[in-house]
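# Observations on the three-dimensional arrangement
Each chain, letter by letter, is given below.
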Amino acid sequence: DTQLVRLDQPGYGRKAIAEVLAVSPNGTLPAVHHDGLVVWDSLAIAEWAAERVAPGVLWPADAQRRAQARSATCEMPSGFAGMRRDLSMNIHRRAQVPATTWPQDTRDDLARIEALWTGLRERHAGDGPFLFGTRSIADAFFTPVATRLRTYGVGVGAVAEAYRDTLLADADFKAW
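None of the values given here were measured: they were computed from a predicted structure. Residue positions are counted from 1 within each chain, in the order its sequence is given. The model is predicted, so local features are restricted to residues of pLDDT at least 70 and side-chain atom pairs to those at 80 or more, both for listing and for counting; the totals for chains, interfaces and linings are taken over all residues. Side-chain calculation: all heavy atoms of the structure are included, whereas hydrogens and water are not.

### Some remarks on the packing of helix α3 (residues 63-78) against helix α6 (residues 137-151)
Axes here mean lines fitted to C-alpha atoms, for a helix over just the part in contact, with angles spanning 0 to 180 degrees between N-to-C directions. Counting from the N terminus, the helices are the DSSP runs of H or I reaching at least four residues and the strands are the DSSP runs of E reaching at least two. Direction vectors running N to C along α3 and α6 enclose 40°, while the axes themselves pass 8 Å from each other. The angle between α3 and α6 places the two elements in the oblique class. Our pair here, α3 against α6, has a crossing hand that is left-handed. On the side of α3, the interface is formed by Ala69, Ala72, Thr73, Met76 and Pro77, while α6 contributes Ile137, Ala138, Phe141, Phe142, Val145 and Arg148. We call Asp, Glu, Lys and Arg charged. Ala, Val, Leu, Ile, Met, Phe, Trp, Tyr, Cys and Pro are nonpolar, and the rest, Gly among them, are polar. Broken down by class, the residue content of the contact of α3 with α6 amounts to nine nonpolar, one polar and one charged. Comment on the angle field: the value is read as roughly parallel under 35 degrees, roughly antiparallel over 145, roughly perpendicular from 65 to 115, and oblique elsewhere. Note on convention: the crossing is left-handed when the near helix lies turned anticlockwise from the far helix by less than a right angle, right-handed when the turn is clockwise. By definition in these notes, contact holds between two residues if any of their heavy atoms fall within 4.5 Å.

Okay, structure coming up:
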């Protein structure tokens, strides 16, 4: 079952929304409840799902690709602070902010994302349209970045643009 929680309520930004605290011990979402277990944090949930729900499916099967996929996935929540600060995620808004107005660290983050996506897509292009050919946890972690690029009208090269469009056209993303 999915429980939707509106975040635009008292306590937002302080990890103090009562409805969130009722389902997540750290006051953030997402959180998964399964057989008395609570798993919070996106990466922890992804790893739990990869082990328990879909072993051998959510990460690339090849050990080297899997290590690269984990590295790219971990870079998303541990990096890109400037992008997250200046390009907040709001899939309904279209801000169209010119890139020249962003601080240098944000522009550096966007350049890193483009380089990462382009390099991985060029390396794995023959295996499918996702970062490592087939869909993986890495793609789930970069879908919010794809929405930010769309929301803020961030231009990227052809390879990164095709990957962004793949993520935004995904049926599961559209349902979400």
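Past the structure itself, the notes keep going.
### So, the pairing of strand β2 (residues 37-40)
If a strand is regular, its side chains alternate between the two faces of the sheet. Two strands are said to pair when DSSP picks up at least two bridges between them. Where strand β1 (residues 31-34) meets β2, four bridges bridge the pair, whose relative direction is antiparallel. Counterpart to Ala31 in the pairing with β2 is Trp40. Adjacent in sequence and paired antiparallel, β1 and β2 are bridged by two residues, among which Asp35 carries a positive phi angle near 50°.

### Some points on a nonpolar patch on the surface
Each patch is built from salt-bridge-free residues with over 30% relative accessible area, joining like charges within 9 Å and nonpolar side chains (Val, Leu, Ile, Met, Phe, Trp, Tyr) within 5 Å. With residues, only the protein chains shown are counted as cover, and all accessible areas are computed by Shrake-Rupley using a 1.4 Å probe. By convention in these notes, a salt bridge is any Lys or Arg side-chain nitrogen within 4 Å of a carboxyl oxygen on Asp or Glu. A contiguous nonpolar patch, built from Leu7, Tyr12 and Leu29 and spanning about 300 Å² of accessible area, is present on the exposed surface. Tracing the backbone through its elements, the reader meets Leu29 in the loop between α1 (18-21) and β1. A 1.4 Å probe rolled over the protein chains alone gives each residue an accessible area, and that area as a share of the maximum for its type sets the label: buried under 20%, exposed over 50%, partly exposed in between. Residue Leu29 is classed as partly exposed on the basis of its relative accessible area, which comes to 38%.

### Here's the deal with the environment of Cys74
Note that Cys74 resides in helix α3. As for Cys74 and Leu43, which are separated by 31 residues in sequence, their C-alpha atoms are 7.7 Å apart.

### A closer look at α3
Two residues of an α-helix separated by three or four positions point the same way, owing to the 3.6 residues in each turn. Expected helix span is computed as 1.5 Å times (number of residues minus one). The end-to-end C-alpha distance of α3 is 22 Å, a good match for the 22 Å that 16 residues give at a rise of 1.5 Å each. For α3, every residue scored as buried is listed here: Ala69, Ala72, Thr73 and Met76. Angular distribution of buried residues about the axis of α3 spans 95°; they occupy a single face of the element. In α3, the exposed positions angled more than 90 degrees off the buried face are occupied by Gln64, Ser71 and Ser78. On the buried face of α3, the contacting elements are α2 (42-53), α4 (81-86), α5 (104-124) and α6. Polar contact is the term for a pair of N or O atoms within 3.5 Å; when the atoms are in protein, one must be able to donate a hydrogen and the other to accept it, and sequence-neighboring residues count only if both atoms are side-chain atoms. With a side-chain oxygen lying 3.1 Å from the backbone nitrogen of Gln64, the N-terminal cap of α3 falls on Asp62. Positive backbone phi, at 60°, marks Phe80, one or two positions downstream of α3. The directions from the helix axis to the C-beta atoms form the arc being described.

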